[in-house]
Structure formats: structure tokens, C-alpha cells
Amino acid sequence: MISVSVTESRFTPLEVARLLASRRAEKAPRGSHGVLISDATDPKNKDAFTVPLPITDFAGKALRKTQDAYEKRWGKEAMHDTLWRVEMKD
């Protein structure tokens, strides 16, 4: 006698479709501003964008300051294969 167990799908077809759509959207090209290129270049959106006041990226500021000091001390060549990460102080 053969025993077959039938289990329910873990995800509904709608959930799977949403996941796949989300993955496709993640791969869509964006400009350096974060807006989809297709939206950023659509003539219908010519006057649809606004740029709020800038904010300071303190993590980026600390990174640049450290990189500048490192390059000054060790030279430009030392920067080629150097990886950087930013952490919050304790």
C-alpha cells in the first residue's frame, strides 16, 4: 500500500504573484536620486517632482572624514583595495 500525504501550499497564488512582482520591481533601474528611470524620464512627470531641503548624512560624513585622513596618511594607492564600514558608537 502506498501512502501519499497531501499538504497545503505554503503561499497562495496571490502571495506568490506579489512576491515575484516585488522582485521584478527591485531590479528596475533607478537614478542616483532613487526614482525609477521610467518615471524620472516620463514627459508626463515633467513638473511632478520636488526636492525637499537637504539633510545631513552623518554616517557618510564620518566615513568621508576617515577616508580623507587615511588617504592623506597612507596615500591614494592604499585606498584601492580597502573596504569601509560605518558603525554607530556605543
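Residues numbered from 1 in each chain as written. Predicted model: local features only at pLDDT ≥ 70, side-chain atom pairs only at ≥ 80, totals over all residues. Heavy atoms only, no water.

> Before we move on, can you summarise a positive patch on the surface with the specific residues and values?
The grouping of Lys61, Arg64, Lys65 and Lys89 at the surface amounts to a positive patch. In this structure, Arg64 sits in helix H3 (residues 58–74). Residue class for Arg64 comes out partly exposed when judged on its relative accessible area of 48%. (Patch = residues over 30% accessible without salt bridge, like charges linked within 9 Å, V, L, I, M, F, W, Y side chains within 5 Å. Areas by Shrake-Rupley, 256 points an atom, 1.4 Å probe, with all protein chains shown as cover. Salt bridge = Lys/Arg side-chain N within 4 Å of Asp/Glu carboxyl O. Lys, Arg positive; Asp, Glu negative; His and termini not counted. Charge placed at Lys NZ, Arg CZ, Asp CG, Glu CD. Helix = DSSP H or I, 4+ residues; strand = E, 2+ residues; numbered from the N terminus. Buried < 20%, exposed > 50% of the residue type's maximum accessible area, 1.4 Å probe, protein only.)

> Any details on the pattern of salt bridges? Residues and values, ideally.
With the rule as written, the count across this model stands at two salt bridges. Linking Glu71 and Lys76 is a salt bridge whose minimum nitrogen-to-oxygen distance equals 3.7 Å.

> Tell me about the environment of Ala48, and please be specific about residues and values.
Locating Ala48 in the fold gives a position in the loop between helix H2 (37–40) and H3. Between the alpha carbons of Ala48 and Leu63 there is a distance of 33 Å; along the sequence they are 15 residues apart.

> Describe the environment of Gly31, listing the residues and the values that go with them.
With respect to the secondary-structure elements, Gly31 resides in the loop between helix H1 (13–27) and H2. Judged by its relative accessible area of 18%, Gly31 is buried.

> Tell me what's going on with a nonpolar patch on the surface, and back it up with residues and numbers.
Taken together, the side chains of Phe11, Val16 and Leu20 present a nonpolar region at the surface, about 270 Å² in accessible area. Structurally, Phe11 is set in the segment before H1.

> Before we move on, could you go through the packing of aromatic side chains and cite the residues and values that matter?
Taken as a whole and assessed by the stated rule, the structure comprises two aromatic pairs. Ring geometry for Tyr70 versus Trp74: centroids 6.5 Å apart, planes at 50°, classification tilted. Of this pair, Tyr70 and Trp74 are both found in helix H3, four residues apart, which corresponds to roughly one turn of the helix. Take Tyr70: its relative accessible area is 28%, and that puts it in the partly exposed class. Since its relative accessible area comes to 52%, Trp74 is described here as exposed. Arranged with centres 5.2 Å apart and planes meeting at 90°, the rings of Tyr70 and Trp84 form a pair that is edge-to-face. In this pair, Tyr70 is assigned in helix H3 and Trp84 in the segment after H3, connecting sequence segments 14 residues apart. Each residue in the set Tyr70, Trp74 and Trp84 is aromatic and connected to the rest through ring pairs, giving one cluster. (Phe/Tyr/Trp six-rings, centres within 6.5 Å; stacked < 30°, edge-to-face > 60°.)

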